[in-house]
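# A structural walkthrough
Listed below are the residues making up each chain.
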Amino acid sequence: MNIMLKPLLLIFTISLSAVASASNFAERESLAKLIHEIDGLSSLVDEAQGRANPDSRIRFQYNLLRKDLMMMKLGIQEHLDGPAIEPRNYAPLSGDYRR
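Residues numbered from 1 in each chain as written. Predicted model: local features only at pLDDT ≥ 70, side-chain atom pairs only at ≥ 80, totals over all residues. Heavy atoms only, no water.

This part takes up the nonpolar core. Membership of the largest hydrophobic core is limited to eight residues, which are Leu 31, Ile 35, Ile 38, Val 45, Tyr 62, Leu 69, Ile 76 and Leu 80. For this core, the secondary-structure elements that each account for two or more residues are α1 (2-51) and α2 (62-81). Discounting chain neighbours no more than four positions away, the residues touching Leu 31 are Ile 76, His 79 and Leu 80. (Core = buried A, V, L, I, M, F, W, Y, C linked by side-chain atoms within 4.5 Å. Buried < 20%, exposed > 50% of the residue type's maximum accessible area, 1.4 Å probe, protein only. Helix = DSSP H or I, 4+ residues; strand = E, 2+ residues; numbered from the N terminus. Contact = heavy atoms within 4.5 Å.)

Pasting the structure below:
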């Protein structure tokens, strides 16, 4: 009986890994799209700054907005540039299920 359980455990572990990998890919794809959208915001920020009234008493801080957008982009990019799958430590299986 013990001999039959080991292949089943191996198949189960491999299938969980495949599901996690597919989910990880989908997340990475969405984050890459988010970087693209942040890049697209740059032209909108430029447009808004060009339309701003220079004589206004209270001015929007476009330089701070650009800085924050760049920080978000760099943080996402840093995550994407990291390893796709972090190594994990698992406790060894006993392999003996009889008393």
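On to α2. It helps to recall that an α-helix has 3.6 residues per turn; residues three or four apart then point in one direction. If you check α2, its first and last C-alpha atoms are 28 Å apart, about what 20 residues at 1.5 Å a residue would give, namely 28 Å. Residues of α2 that are buried: Tyr 62, Leu 69, Ile 76 and Leu 80. Down the axis, α2 shows its buried residues gathered within 60 degrees of arc, on one side only. The exposed set on the far side of α2, more than 90 degrees from its buried face, consists of Lys 67, Met 71, Leu 74, Glu 78 and Asp 81. (Expected span 1.5 Å × (residues − 1). Arc of directions from axis to C-beta.)

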